[in-house]
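# Observations on the model geometry
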Amino acid sequence: MDAGAADSEVAGVTGCPSNAAATAILLAVAACDTAPAAVHTMHTDSAGIAIATVNTPLWGPGEGWTVDDDPLVEIGTVNGASEYEFAQVVGAVRLSTGHIVVADRGASELRGYDAEGRFLWRTGRPGEGPGEFGSLDFVGTMAGDSLVTFDNSLLRVQVFGPGGEMARTFPTALSLSGGQPAGPVPDKAVAVVQGRLILRYLVLDGEMPTGIVRWPKERVVALDLTDGATTSLLVLPGGEAEVHWRDNGGYSHGRYAFSNMPEYGATAGRLAVIDTEAYSVRIVSPMDGAIEQIVRREVAPGAVTDAVFDAHLNGIIEIAFPNPEDAPNEHVNGIRQMWRDFPRAPTLPVLRSVHVDTAGNLWVAPYYIAGAEPPPFEVHAPDGTWLGSVALPPGLERGFVQYQAPYMEIGGDYVLGVWTDELDVQYVRVYRLNK
């Protein structure tokens, strides 16, 4: 299904039950003297697309899943052996053996550790040859614990064995079937799903709009990890930006504060796509891009008041200058003025990101401003039922595709991610997920 067809089908969905379902509900209400119990999640169907409209969480107070505050495993050091020092972690994955593989962009290395975090092996170095990296930007796993990496600098995918053995390479700057262009090059990897690496391409062809627009568009592409064939799944509006022509030629692509944008998450055979402007998650087939399911909830976006903007700007300053005494006034004032000059949206985004755990549950992150404590994830069962909220330990990176934040993996009984201390030192941590 192409993007236009997909969007037209979604636009025709109202989320209301069918006539038969609505009649059944009315009869059931009429047959009862007491008020009916609240419906946590309404499941409907439209043109073969399963729709879950959620109202309230299933878990009550004190119920639900929790994540331990203290990690089960921690890998990293401030000063120690080089195999435990990280320069810029892209993410980490857990193999079926319990072993952990970390991708460090700064060192251009994959490193393997056992289930207790003891170093086992390393592979990779800067370069352009087999097993080398111009830019190690992603790590994922596929069947048999094979490791998949994406290199945005060399525009290639490399597949390694579970012990770091080099297996095969695929180029990514490819035309799609039928000669359809995917955009100039892919710039981000999303996840590995059903033996396919999901990549994001920027679509720069066609007439360039001006004003506050969603540009450039984003094409989501699946690259088959057996033969390198690519399939276009869908095209989405890109992030909101201010675009205008310059008097001396060319164009300016500027920031739009509190912009909406697409985000992605995938695991367990499911590719989840959101647009941050609404609480709506689309589950898309990684084979042909057909929409298989929609999970949604009515959430009104918050207003961007001066107080909200000032709090957001203060958070940006705190992130840029963790130690205020080391922040020159001219630098701080320059950042403040730059942000005040940006046009801003009238309302906040509704969502921030979406993740899929290894059981197929959806972990939806509500939006939060810079510097704020991230709110708990809102977790939905594979059928869309809203289970409830799960908080993560402070300091654990959430993993945003758009911002290339470190990848986070959520398993059946663990959360694996990158934690950063007050000295900005990165550690790879495994936390217990209690269900």
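Residues numbered from 1 in each chain as written. Predicted model: local features only at pLDDT ≥ 70, side-chain atom pairs only at ≥ 80, totals over all residues. Heavy atoms only, no water.

## So, the layout of surface pockets
Rules: Here a cavity means grid points, on a 1 Å grid over the protein atoms only, where a 1.4 Å probe fits yet cannot get out; a pocket means an open set of points with protein on both sides within 12 Å along at least five of seven lines; lining residues are those with an atom within 4 Å of a point. Grid points are joined across faces, edges and corners, and a volume is the space filled by probe spheres set on the points. Starting at the N terminus, helices and strands are each numbered in turn, a helix being any DSSP run of H or I of at least four residues and a strand any DSSP run of E of at least two.
The calculated volume of the second largest pocket comes to roughly 330 Å³. Lining the second largest pocket are 24 residues; nearest its centre among them are Thr141, Val192, Thr267, Thr358 and Glu409. Contributing elements (two or more residues each) for the lining of the second largest pocket: strand 5 (89-94), strand 9 (136-141), strand 13 (186-193) and strand 20 (262-267). Here the element with the most residues in the lining of the second largest pocket is strand 9; it accounts for four residues.

## Looking at the pairing of strand 23 (residues 291-296)
Within a regular strand, the side chains alternate between the two sheet faces. Applicable threshold: The buried label goes to any residue with under 20% of its type's maximum accessible area, the exposed label to any with over 50%, and the partly exposed label to all in between, with areas taken from a 1.4 Å probe on protein chains only. Strand pairing follows a simple DSSP-based rule, namely that at least 2 bridges must link the two strands.
Counting buried residues along strand 23, five of its six residues qualify, which places the element largely inside the surrounding structure. When strand 2 (residues 49-54) meets strand 23, the two strands line up parallel, connected through four bridges. Bridging from a neighbouring strand, threonine 53 pairs with arginine 296 of strand 23. By the bridge criterion, five bridges tie strand 22 (residues 280-284) to strand 23 in an arrangement that is antiparallel. If you follow arginine 282 over to strand 23, its bridge partner there is isoleucine 294.

## Details of helix 3 (residues 306-320)
The test is simple: Expected helix span is taken as 1.5 Å per residue step, with the number of steps being one fewer than the number of residues.
Here helix 3 contains 15 residues, and its C-alpha end-to-end distance of 21 Å stays within 8% of the 21 Å for a straight helix at 1.5 Å per residue. Listing the buried residues of helix 3 in full gives Phe309, His312, Leu313, Gly315, Ile316 and Ile317.

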